[in-house]
Every structure is written in structure tokens, then in C-alpha cells.
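# Chains, contacts and geometry: an overview
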Amino acid sequence: MLWLVLAVCASPIIASYFTYYVIKPEKRNNYGTLIDQRAHPMPAMATTTLDGRPQALEQFKGKWVMLMVGPGACPDTCQKQLFEMRQLRLMQGKEMDRIERVWLITDKEPLDTLVIREFDGTHMLRADAATVAAWLPADPGTTPADHIYMIDPLGHLMMRFPKDPEFKDVRKVYKDVYKLLKASSVG
């Protein structure tokens, strides 16, 4: 009788270990890739504004940061990312004030004034390309300029979205950002 009671009490634990380690759940709840913050701590970067004033990325602690990287020339893919970041922020409704958009410009090329005006509200900072490339992880076959990243309010890099999401996938990105904001009381 004692063995039967022990078996009944231990069966849920054994079943959970069996399910997790043998069956291995395949379904994820998020579209973006979660990043281990310990493996990618924010480096000390000498970032500056477009007019050359120093402005640290750490200044945005306390808010969620949607981050992209790219050259100053800003080809069509860059402008598409800037547009998506603006729209994703607007889609959050009353929670949009919790998100800042940052574009790290990795060269000294001058920016087109139309791009600056069109994406007003995006913080445009110049940063060293080598430091940024060493910090931001990218999918195999891509570069950091191909992704949009999320930094949490504590200043930790925590999520990377895939390269060139299609329209239906942009809704998945929106859902990820929505879930982050809903689950977080910080920022």
C-alpha cells in the first residue's frame, strides 16, 4: 500500500520530466529569438548624435528600446526597418510611450534630410561599427543590420527579430512586443 501511495505522488513529477526531456516541446510562443543577456552585455560605446554631441545608449534605461543598425546611406531595406519600427511602436496604442526607437549609424556618411524628417522621433546615434558588430548577435548568413533588436528597460539586449519579416510576420513581431509590454511592469 505504501508503494502505491508513493507511485501516485511521484507520477506527476515523473510525467513532467518525461514530457520535457523525452518528448521535447517544439512549439514556441514567441516569433523573435530570445538572447541570453549574459552572453551579450551592452558594451561601453562612444555614441554621438548627428551633430556630434555625446549621447550614451544607456540614457534610454527605464524604457524599452527598439534598436536597428545600419549605414548612413540608408538603402530601401534600412528605410523599411525604420518604417516597421515606427509602425510597431504606434500599434502599441497607449503603451507606445514605453518604447524608444534607436538607429545606430555605423559610418560617417551624411544622412538624407528626407529620411531624418520622415522618421522623426527615432534617436539617430553614430557608433563604432566594430563594437556594434561584436555586441549584436545575428542569424547565420546575416549581419546585425538585417535585424531589429529589443533592449529591456534595465539595459539588457533580450530579443532579435528575423530578417525581412513579411506582413503576416510583422503581426507576430507586434504580438511579441505587446506581450513584453504587458508582462513587464518596468519601463
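Values in this document were obtained by computation on a predicted structure and should not be read as measured data. (Residues numbered from 1 in each chain as written. Predicted model: local features only at pLDDT ≥ 70, side-chain atom pairs only at ≥ 80, totals over all residues. Heavy atoms only, no water.)

## Digging into the side chain of threonine 47
With respect to the secondary-structure elements, threonine 47 resides in the loop between β1 (33–34) and β2 (64–70). According to the relative accessible area criterion, threonine 47 is buried, its value standing at 3%. Setting aside chain neighbours within four positions, we find threonine 47 in contact with Arg53, Pro54, Gln55, Ala56, Leu57, Leu104, Leu125, Arg126 and Ala127. (Helix = DSSP H or I, 4+ residues; strand = E, 2+ residues; numbered from the N terminus. Buried < 20%, exposed > 50% of the residue type's maximum accessible area, 1.4 Å probe, protein only. Contact = heavy atoms within 4.5 Å.)

## What about the pattern of salt bridges?
Scanning all chains against the criterion turns up seven salt bridges. Of the charged contacts, one joins arginine 98 and glutamate 95 as a salt bridge, the two residues approaching to 2.8 Å between their closest N and O atoms. Here arginine 160 ties to aspartate 139 by a salt bridge, and the two come within 2.8 Å at their closest N and O atoms. Of this pair, arginine 160 sits in strand β6 (residues 157–161) while aspartate 139 sits in the loop between α4 (129–135) and β5 (148–151); the two residues are 21 residues apart in sequence, bridging distant segments of the chain. Taking the relative accessible area as the measure of exposure, arginine 160 reaches 9% and is therefore buried. By relative accessible area, aspartate 139 is classed as partly exposed at 24%. (Salt bridge = Lys/Arg side-chain N within 4 Å of Asp/Glu carboxyl O.)

## A short note on the side chain of threonine 142
In this structure, threonine 142 sits in the loop between α4 and β5. A polar atom in the side chain of threonine 142 sits 2.9 Å from the side chain of histidine 147. Setting aside residues no more than four positions away along its own chain, threonine 142 makes contact with His147 and Lys163. (Polar contact = N/O pair within 3.5 Å; in protein donor to acceptor, adjacent residues only side chain to side chain.)

## Side note on a positive patch on the surface
Where like charges cluster on the molecular surface, the positive patch consists of Lys27, Lys168, Arg171, Lys175 and Lys179. Structurally, the position occupied by lysine 179 is in helix α5 (residues 167–183). Given the relative accessible area of 38%, lysine 179 is considered partly exposed. (Patch = residues over 30% accessible without salt bridge, like charges linked within 9 Å, V, L, I, M, F, W, Y side chains within 5 Å. Areas by Shrake-Rupley, 256 points an atom, 1.4 Å probe, with all protein chains shown as cover. Lys, Arg positive; Asp, Glu negative; His and termini not counted. Charge placed at Lys NZ, Arg CZ, Asp CG, Glu CD.)

## Quick look at the nonpolar core
Membership of the largest hydrophobic core comes to 26 residues, with the highest contact counts inside it found for Trp64, Met66, Leu82, Trp103, Met150, Phe161 and Val177. Sorting the residues of this core by element identifies β2, α2 (76–91), β3 (99–105), β5, β6 and α5 as the ones contributing at least two each. Of the residues forming this core, the biggest block, five residues, is contributed by α5. (Core = buried A, V, L, I, M, F, W, Y, C linked by side-chain atoms within 4.5 Å.)

## What about the sheet that holds β6?
Read from one edge to the other, the open sheet built from six strands follows the order β1-β6-β5-β2-β3-β4, with strand pairing classed as mixed. The sheet terminates laterally at β1 and β4 (123–126), the two strands that pair on one side only. One ladder, built from seven bridges, connects β2 with β3; its direction is parallel. Looking at the pairing, methionine 68 lines up with tryptophan 103 of β3. Strands in contact with α2 are β2, β3 and β5; relative to β2, the strand with the most contacts, it is inclined by about 170 degrees. (Pairing = 2+ DSSP bridges. Axes fitted to C-alpha atoms, helices over the stretch in contact; angles between N-to-C directions.)

## Details of the pairing of β4
Residues in a regular strand project their side chains so that they alternate between the two faces of the sheet. Here β3 runs beside β4; their pairing, made up of four bridges, is parallel. Counterpart to isoleucine 105 in the pairing with β4 is arginine 126. For the handedness criterion, the β-α-β arrangement of β3, helix α3 (residues 113–118) and β4 is classed as right-handed. (Right-handed = clockwise from strand over helix to strand, strands pointing away.)

## Let's talk about the environment of alanine 15
Within the secondary structure layout, alanine 15 lies in helix α1 (residues 2–23). Alanine 15 gets classed as partly exposed once you look at its relative accessible area, which sits at 39%. Distance in space between the C-alpha atoms of alanine 15 and glutamine 79 is 50 Å, their sequence separation being 64 residues.

## Quick notes on the pairing of β3
Judged by how many residues are buried, β3 sits mostly within the fold: seven of seven residues are covered. Burial of β3 is two-sided: the residues Ile99, Arg101, Trp103 and Ile105 facing one way and the residues Glu100, Val102 and Leu104 facing the other way are all buried. Handedness of the crossover joining β2 and β3 through α2 is recorded here as right-handed.

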